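For reference, the chains in residue letters:
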Amino acid sequence: MIENNQQQYLENEENLYLYERKVVAPEETLLLKDIHDLSYKELSGSYGFLYIHTIKGVRAYMVREHPGAWMKAVLACI
């Protein structure tokens, strides 16, 4: 967004929820049976990308904290 001739960055905090048979993301629900793999790429000390590899393609989510424990929980379910 541009305001007073300066670029402004807006951050929205949202969650990914793990349930017995699905992951619920802000804009879609991913069935665990459709998830093949997870990966993480650190960008800086503050942010990284969590990638969820599905039969419909790869979904990318910017995260602030390393999602290692969450990834381990999902991988144990798939």
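A brief report on the enclosed structure follows. (Residues numbered from 1 in each chain as written. Predicted model: local features only at pLDDT ≥ 70, side-chain atom pairs only at ≥ 80, totals over all residues. Heavy atoms only, no water.)

### A few points about the layout of surface pockets
In this structure, the largest pocket occupies an estimated 860 Å³ of space. At three residues, the largest contribution of residues to the lining of the largest pocket is made by strand E8 (residues 57–63). Of the residues assigned to the lining of the largest pocket, the class counts are 12 nonpolar, three polar and seven charged. (1 Å grid on protein atoms, 1.4 Å probe; cavity = no way out; pocket = protein on both sides within 12 Å on 5 of 7 lines; lining within 4 Å. Points joined across faces, edges and corners; volume = space filled by probe spheres on them. Helix = DSSP H or I, 4+ residues; strand = E, 2+ residues; numbered from the N terminus. Nonpolar A, V, L, I, M, F, W, Y, C, P; charged D, E, K, R; others polar.)

### Quick notes on the sheet that holds strand E3 (residues 17–18)
Ordered by their spatial adjacency, three strands build an open sheet running E3-E4-E5, and the pairing between neighbours is antiparallel. The sheet is open, and its two edges are formed by E3 and strand E5 (29–31), each paired on a single side. Inspection of the sheet shows strand E4 (residues 22–24) paired to E5 by three bridges, in the antiparallel sense. Bridging from a neighbouring strand, Val23 pairs with Leu30 of E5. (Pairing = 2+ DSSP bridges.)

### Concerning unusual backbone geometry
Of note, Asn4 is a non-glycine position whose phi angle comes to about 55°, a positive value. Structurally, Asn4 can be placed in the loop between strand E1 (2–3) and strand E2 (6–7).

### Comments concerning the side chain of Arg59
Note on placement: Arg59 falls in strand E8. Here Glu28 takes part through its side chain, which lies 2.7 Å from a polar atom of the side chain of Arg59. Beyond its immediate sequence surroundings of up to four residues, Arg59 is in contact with Glu28, Leu30, Leu50, Tyr51, Ile52 and Thr54. (Polar contact = N/O pair within 3.5 Å; in protein donor to acceptor, adjacent residues only side chain to side chain. Contact = heavy atoms within 4.5 Å.)

### Some thoughts on the packing of aromatic side chains
Taken as a whole, this structure holds two aromatic pairs when the rule is applied. Their ring planes at 35° and their centres at 6.5 Å tell us that Tyr17 and Tyr19 sit as a pair that is tilted. What makes Tyr17 partly exposed here is its relative accessible area of 42%. Stacked on the ring of Tyr19, the Lys or Arg Lys22 has its end atom at 5.7 Å from the ring centre. (Phe/Tyr/Trp six-rings, centres within 6.5 Å; stacked < 30°, edge-to-face > 60°. Buried < 20%, exposed > 50% of the residue type's maximum accessible area, 1.4 Å probe, protein only. Lys NZ or Arg CZ within 6 Å of the ring centre and 35° of its normal.)

Shape descriptors only; they carry no functional weight alone.
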